[in-house]
Amino acid sequence: MNDDAGCPCLSGETYGACCGRFHAGRAAGGPYPPTAEALMRSRYSAFAVGDVAYLEATWHPRTRPPGLALDGVTWRRLDILAAVAGGPFDTDGVVEFVAHYRSPAGGGRLHEVSRFVRGGGRWFYVDGEQRA
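I will try to describe carefully the structure that is included in this document. (Residues numbered from 1 in each chain as written. Predicted model: local features only at pLDDT ≥ 70, side-chain atom pairs only at ≥ 80, totals over all residues. Heavy atoms only, no water.)

Comments concerning the overall build of the protein
Helices and strands together make up the secondary structure of the protein, namely 3 helices and 4 strands. N-terminal to C-terminal, the α/β element order of the protein is α-α-α-β-β-β-β. In summary, the protein has a C-alpha radius of gyration of 14 Å against a globular reference of 14 Å for 132 residues, a match within 12%. With respect to the principal axes defined by its C-alpha atoms, the protein has extents near 40 × 35 × 30 Å. Taking contacts inside the protein between residues at least 6 apart in sequence as the whole, the part at least 24 apart equals 43%. With an accessible surface of roughly 6900 Å², the protein has 51% of that area assigned to carbon and sulfur atoms. Positive and negative side-chain charges in the protein, numbering 14 and 14 respectively, have mean positions lying 2 Å apart. (Helix = DSSP H or I, 4+ residues; strand = E, 2+ residues; numbered from the N terminus. Rg over C-alpha atoms; globule rule 2.2 N^0.38 Å. Contact = heavy atoms within 4.5 Å. Areas by Shrake-Rupley, 256 points an atom, 1.4 Å probe, with all protein chains shown as cover. Lys, Arg positive; Asp, Glu negative; His and termini not counted. Charge placed at Lys NZ, Arg CZ, Asp CG, Glu CD.)

In structure tokens, the structure reads:
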């Protein structure tokens, strides 16, 4: 994705100034998202741009699946509904979101409450509970 394009997470910033810098930092040792919400946004953007390596690197090793394959879904919009804790000095956090997508079967949405933990100065996605 072009660094000057709008970020897929819809923060209002360019991809390069928002999630793209975290995606690029994965291989360079940083920067890393400072909050659980920022990690959530960057993970959504990684799904949108097909960055499997970033998704795997930000998934907690305890719960990360052995392999991750993206399934041809086009991610359209991210709505953050709530964030609890997950700040720069917290050790855990929760982010509730709705992600809208289009697939070969039509449009849909994923409503999830995601859990994050902080370790070694970085945030990691642990797991999520889907909501109707």
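A closer look at the sheet that holds strand S4 (residues 122–131)
The strands making up a sheet associate through hydrogen bonds between their backbones, and the pairing can be parallel or antiparallel. Taken together, the 4 strands give an open sheet; going across it, the order is S1-S2-S3-S4, and neighbouring strands pair in antiparallel fashion. The open sheet terminates on both sides in strands that have one partner only, identified here as strand S1 (74–85) and S4. On average, each strand axis in the sheet is tilted by 25° relative to the strand beside it, whichever way the strands run. Pairing of S1 with strand S2 (residues 92–103), which is carried by 10 bridges, proceeds in the antiparallel orientation. Within the sheet, the bridge partner assigned to Thr74 lies in S2 and is Arg102. Helix-sheet contacts for helix H2 (residues 36–49) involve S1, S2, strand S3 (106–119) and S4, and the interaxial angle to S1 is about 165°. (Pairing = 2+ DSSP bridges. Axes fitted to C-alpha atoms, helices over the stretch in contact; angles between N-to-C directions.)

As for the nonpolar core
One finds Cys9, Met40, Tyr44, Leu78 and Phe116 to be the most contacted residues of the largest nonpolar core, which totals 23 residues. Sorting the residues of this core by element identifies helix H1 (19–28), H2, helix H3 (52–57), S1, S2 and S4 as the ones contributing at least two each. With residues near it in sequence (within four places) discarded, Leu78 still touches Cys9, Leu10, Met40, Arg41, Tyr44, Phe97, Val98 and Ala99. (Core = buried A, V, L, I, M, F, W, Y, C linked by side-chain atoms within 4.5 Å. Buried < 20%, exposed > 50% of the residue type's maximum accessible area, 1.4 Å probe, protein only.)

Concerning the packing of H1 against H2
Two elements in contact, H1 and H2, have axes whose closest approach is 9 Å; the angle formed by their N-to-C orientations is 80°. One element, H1, and the other, H2, form an angle in the roughly perpendicular class. Between H1, through Cys19, Phe22 and His23, and H2, the contact on the second element is made entirely by Arg41, Ser42, Ser45, Ala46 and Val49. The residue makeup of the contact of H1 with H2, split by class, is 4 nonpolar, 3 polar and 1 charged. (Parallel < 35°, antiparallel > 145°, perpendicular 65-115°, else oblique. Nonpolar A, V, L, I, M, F, W, Y, C, P; charged D, E, K, R; others polar.)

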